[in-house]
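Descriptive analysis of the structure
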Amino acid sequence: IYEGFLETSRAHYHALNSRPEKIALLSDLFVWAASTLGLDSGGYLLYDPSFREYRVEMDVGRNGKNLGFGKLGSRIESSLLDPFYEQASSDLHFAVNDVDKLPSELSSFLRNLGMESVFLRSVGESGKKGALLFLQGQKKVDFDSLIVHSMLDSFSSLVSDILVEMGEEKELEGAYQL
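The sections below set out a description of the structure shown in this document. (Residues numbered from 1 in each chain as written. Predicted model: local features only at pLDDT ≥ 70, side-chain atom pairs only at ≥ 80, totals over all residues. Heavy atoms only, no water.)

Below, the discussion takes up helix H1 (residues 2-15). Spanning 14 residues, H1 covers 20 Å between terminal C-alpha atoms, matching the ideal 20 Å at 1.5 Å per step. Of the positions making up H1, those classed as buried are Tyr2, Leu6, Ser9 and Tyr13. Around the axis of H1, the buried residues are gathered within 55° of arc, so they sit on the same side. What points out from H1, more than 90 degrees from its buried face, is the exposed set Thr8 and Ala15. (Helix = DSSP H or I, 4+ residues; strand = E, 2+ residues; numbered from the N terminus. Expected span 1.5 Å × (residues − 1). Buried < 20%, exposed > 50% of the residue type's maximum accessible area, 1.4 Å probe, protein only. Arc of directions from axis to C-beta.)

Okay, structure coming up:
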């Protein structure tokens, strides 16, 4: 069922013409994934190499509450999130249903944000940091089943593709502006 929803969402994305419509679809996808898995919020952070920081581009909760990294503000120093980006990069994605299983410097950071379960996926091209996708929950959620792994892979692949395409579209638009 969820695979069909994601494929329909991919087709819907390609039928959209405006950037605001595409961003609204991304928001809906994060809310859907969080709700489906019993998590509280999701979103993405874009890496800005010129300032060595991550910008919180989207952090949406199921009820407009229980936000994740957005609690830190709109810009986050890269040194705080780089360990998570590197972990997500090394394994395609990173999921933990009990932050206490992480090294203390990572677990205390997430616990201070009220996170108990976290899914992260890095997005980048040619070895360059691009974005960090996340889903998070304030309670333990089981990420270990094959069905959940499959859904997370499909969801994060779709969102990664959309972000890359939107980034390319934005670069093309900027190239034509004088």
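There's plenty left to go through after this.
Membership of the largest hydrophobic core comes to 32 residues, with the highest contact counts inside it found for Leu26, Leu29, Phe30, Leu135, Phe155 and Val159. Of all the secondary structure elements, the ones that give two or more residues to this core are H1, helix H2 (19-37), strand S2 (53-61), strand S5 (117-125), strand S6 (128-137) and helix H5 (146-175). Excluding residues within four positions of it along the chain, Leu26 makes contact with Tyr44, Met58, Val159, Ile162, Leu163 and Met166. Counting residues in each nonpolar core, the second largest holds 23 residues, with Tyr54, Val56, Leu81 and Ala88 among its members. (Core = buried A, V, L, I, M, F, W, Y, C linked by side-chain atoms within 4.5 Å. Contact = heavy atoms within 4.5 Å.)

If you walk through the whole model with that rule in mind, you get nine salt bridges. Close ionic contact of Arg55 with Asp48 constitutes a salt bridge, the shortest N to O distance being 3.4 Å. Among the ionic pairs, Asp98 bridges to Lys140, the shortest N-O distance being 3.3 Å. Remark: Lys140 occurs in the loop between S6 and H5 and Asp98 occurs in the loop between strand S4 (93-96) and helix H4 (104-112); sequence separation between them is 42 residues. Several salt bridges share partner residues, and in doing so they unite Glu7, Arg10 and Asp161 into one network. (Salt bridge = Lys/Arg side-chain N within 4 Å of Asp/Glu carboxyl O.)

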